[in-house]
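Coordinate analysis (summary)
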Amino acid sequence: MNHEAKKAAGAKGDVVSRDKRTSWFYSDTVKDHFFHPRNFLDHEPEPGSYNARGKVGSPACGDELRVWMFVDPVAERIQTFRWKTFGCGSAIASTSMASVMVTENGGMTLDQARELKPQDIMERLGGLPTRKFHCSVLCDKALRDAINDYYRQTEQFDKMVLAPARVIDPISKVTDHDIEEAVLDGATTLEAVQQRTKVGVGNHEVLPAVEELIRFYREKYFGPDKESLI
Amino acid sequence: MPDVYVDHAATTPLDPRVLEAMMPFLGDAYGNPSSFHMRGKRVKDAVEDAREIVATILGARSDEIVFTSGGTESDNLAVLGYARMHKEQAHHLVSTTIEHHAVLETVRHLNKKEGFEVTEIPVDVDGLVDPEAVVHALCDDTSLVSVMYANNEIGTIEPIAEVGRMIEAWKKEHPKSPLVLHTDACQAAGALLLDVRKLHVDLLTLNGSKIYVPKGVGVLYVRRGVKLMPLQFGGSQEKGLRPGTEHIAGIIGLAKALEIADEEREGEQVRLTLLRDNLIERVLKDIPKTRLNGHPTKRLPNNVNISFMDLEGEALLLYLDAAGIYASTGSACTSASLDPSHVILALGMPYEVAHGSLRFSLGRSTTQKDIDYIVETLPPLVEKLRRISPVRVSEKYYQST
């Protein structure tokens, strides 16, 4: 996953290749969103204000992102998109930009939002350094997590989408189906799944994706996590 | 806008007195010390004078001083050079979990690729190495112990002299052992005594760019009788241990810088300790959910390392940068890997505490006004990032609430 993401980042929009003199530093747009983040939730979410939530990453990996959406139930367009993140400059900026993109011009439909690619966010930001790319990959995932959550909340289970079998960790060759099985087997934490599958042991880069999957399957089979209910 | 450079542990500016000493060797004194003529000899004499100065400050003999390209090369020459030279005899190396990567990655390379066993000694919550634990790890097969003098990230000063004495005692009971002690003293150079006899070390690393010399020059002290395998081959410079024409101006500058550091050590120690403690005390008092990383008193006079819970260090670093404060972080986001500071993790802290760590390393230019500016600037920036953050770090990890 990360391997592919890095290739894509190098292909276009990479700040390093645009201005070698400033290497990892950020574009003006990135800085603007970093210093003046849009749409972040600066208080605890109020009950009833949102009808979907999403989460990705973990502070252990350096990034945790939570999003809250209000989707107009008739048009199924995103009306409100708020977020909180524990993350670096580009995580803050890319999430801020994504929040603008999904709500501008009347809001994206859920189908449109699901198609939002990290590359789209990066283009609007005027590029990100290659090794920062995984950060903006996170916010499109949190968005898709929230879209699934909306369908779960509205009992449209057939519309929930998860990518088909794919290798999550190229080192241990663990796939998302292995993780699904482990969770069904009762391994509902990262540690328990790692004991069974060795996923991400010695390859920390994949841990955000693994945690996201564990949570997805845990909620799918055992219901929403109590502590993070809206 | 203020311009507060508090990243002296990364590198220091060039001291004008050092530059002055270097100038002739960037100009008319361009000879190659290996040349057999006056232009060469003049330069050779200057290099040997510099070697004498460095040796005197280290309490060593001048033939024990090897000039290198910097701290990383010195560490590599010490560790690789000694381990490889004695590989027929011994295959075990001992180091600590908080070493600089120049040592840690080197012993790990020897472990992975060259068949050496490596013991990495853990540290306590303040980053202190227990000398007993070091000795406990020794066996007949151990050739080298490498423990840093002071940690570059958290500033903790290790009990090197005690480690050295205990190793000497151990060697008396194991007379056939080839064991030597190496210490990386890059961060200690400006602040602590560097007498190799009192430290009981066989190999010691110094780096010019931490003591107001330009980048690209360092020292390895090699005790007489300690044999190293060179890392590169060529001419007979530095007794064949470091072939290649010397970085003359750097060597001259390094000797001058060590002289200055030696003269000013006591005064700077007192001055910087006051500033350091003032910064630590006020940040911990003014900003809730913070933690001092490293030992409270056994620490470099210029090092302040504080974790700000619930936020990520790179973001804070960028906000400080915009306010004209230049610090550094143990967050993974500024490193090439995705892992945060191995040093803060080695203290037993979770990833999120390491991600939120910030290091302010003070220097000769740092004033009370700078400290005041940092203390005034930090709280609203921390507050803003915490409002954005969904993470709440467990309170068992912070001191100030």
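Preceding this section is the structure that the text describes.
The paragraphs below set out a description of the structure included in this document. Remember, it's a predicted structure, so these values are computed and weren't measured experimentally.

Quick word on the overall build of chain B
A tally of regular secondary structure across chain B gives twelve helices and 13 strands. By the compact-globule yardstick of 21 Å for 401 residues, chain B fits well, its C-alpha radius of gyration being 22 Å. Oriented by its inertia axes, the alpha-carbon framework of chain B measures out at about 65 × 50 × 35 Å. The buried share of chain B, reckoned over its 401 residues, is 59%.

What to know about the sheet that holds strand 5 (residues 142-146) of chain B
All names here are of chain B. One open sheet accounts for seven strands, arranged 2-8-7-6-5-3-4; its pairing is mixed. The open sheet has two edge strands with one neighbour each: strand 2 (65-68) and strand 4 (117-121). Across the sheet, the mean angle separating the axes of adjacent strands is 20° when strand polarity is ignored. Both strand 7 (residues 203-207) and strand 8 (residues 218-222) contribute to a ladder of five bridges, which runs antiparallel.

What about helix 6 (residues 160-173) of chain B?
Structural remark: α-helix, 3.6 residues per turn; residues separated by three or four positions point the same way. Residue and element names in this part refer to chain B. Across its 14 residues, helix 6 extends 20 Å between first and last C-alpha, which sits within 8% of the 20 Å expected from 1.5 Å per residue. Every buried residue of helix 6 is listed here: Ile160, Val163, Gly164, Ile167 and Trp170. Seen end-on, helix 6 carries its buried residues on one side only, within an arc spanning 125°. For helix 6, the exposed residues set more than 90 degrees away from the buried face come down to Lys172 and Glu173. Looking at the packing, one finds that the buried side of helix 6 touches helix 5 (131-137), strand 5, strand 6 (180-184) and helix 7 (196-199).

Quick notes on the environment of Arg265(B)
All names here are of chain B. Looking at the element boundaries, arginine 265 is found in helix 8 (residues 248-286). Once the C-alpha coordinates of arginine 265 and isoleucine 388 are considered, the two residues, 123 residues apart in sequence, prove to be 43 Å apart. Beyond its immediate sequence surroundings of up to four residues, arginine 265 is in contact with Ala189, Gly190, Ala191, Leu192, Leu193 and Leu194.

Let's talk about the packing of aromatic side chains
With the rule as written, the count across this model stands at six aromatic pairs over all chains. Considering the side-chain rings of Tyr150(A) and Tyr151(A), the 5.8 Å spacing of their centres and the 65° angle between planes classify their relative orientation as edge-to-face. A single burial state applies to Tyr150(A) and to Tyr151(A), both of which are buried. One aromatic cluster is present, built from ring pairs that chain together Phe34(A), Phe35(A) and Tyr319(B). One cation-aromatic arrangement involves Arg364(B) over Tyr212(B); the distance from NZ or CZ to the ring centre is 3.9 Å.

Examining the pairing of strand 10 (residues 303-308) of chain B
All names here are of chain B. Taken across its six residues, strand 10 has six buried, putting it largely inside the fold. Here strand 10 shows no split at all, with Asn303, Asn305 and Ser307 on one side and Val304, Ile306 and Phe308 on the other all buried. Across three bridges, the pairing between strand 9 (residues 290-292) and strand 10 is antiparallel. Across the sheet, leucine 292 pairs through a bridge with isoleucine 306, a residue of strand 10. Note that strand 10 and strand 13 (residues 357-361) share five bridges and pair antiparallel. Of the residues in strand 13, the one forming a bridge with isoleucine 306 is leucine 358.

Each value, and the rule that gives it
- What you see as residue numbers is a count from 1 along each chain, following the sequence as written.
- Chain A is the first chain written and ligand 1 is the first ligand written, with later ones labelled in order.
- Owing to the predicted nature of the model, reporting of local features is limited to residues with pLDDT of at least 70; listing and counting of side-chain atom pairs is limited to 80 or more, with chain, interface and lining totals taken over all residues.
- As a convention, hydrogens and water are excluded, and side-chain values are obtained from all of the structure's heavy atoms.
- Numbered from the N terminus, helices here are DSSP runs of H or I no shorter than four residues, and strands are runs of E no shorter than two.
- Throughout, the radius of gyration refers to the C-alpha atoms, and the reference size of a globule is 2.2 Å times the residue count to the power 0.38.
- Remark: exposure states derive from per-residue accessible area (1.4 Å probe, protein chains only) relative to the maximum for the residue type, with buried under 20%, exposed over 50%, and partly exposed in between.
- DSSP calls a pair of strands paired once it identifies at least 2 bridges connecting them.
- Whenever a helix is involved, its axis is fitted only over the stretch in contact; in every case the axis is a line through C-alpha atoms, and angles between N-to-C directions fall within 0 to 180 degrees.
- One fewer than the residue count of a helix, multiplied by 1.5 Å, yields its expected span.
- Starting at the helix axis, one direction is taken to each C-beta atom, and the arc is that of these directions.
- What makes two residues a contact is simply this: any of their non-hydrogen atoms within 4.5 Å.
- Geometry of aromatic contacts follows a simple scheme: Phe, Tyr and Trp rings, the Trp one being its six-membered ring, pair when their centres are within 6.5 Å, and the pair is stacked under 30 degrees between planes, edge-to-face over 60, tilted otherwise.
- When the NZ atom of lysine or the CZ atom of arginine is within 6 Å of a ring's centre and also within 35 degrees of its normal, the charge is said to sit over that ring.

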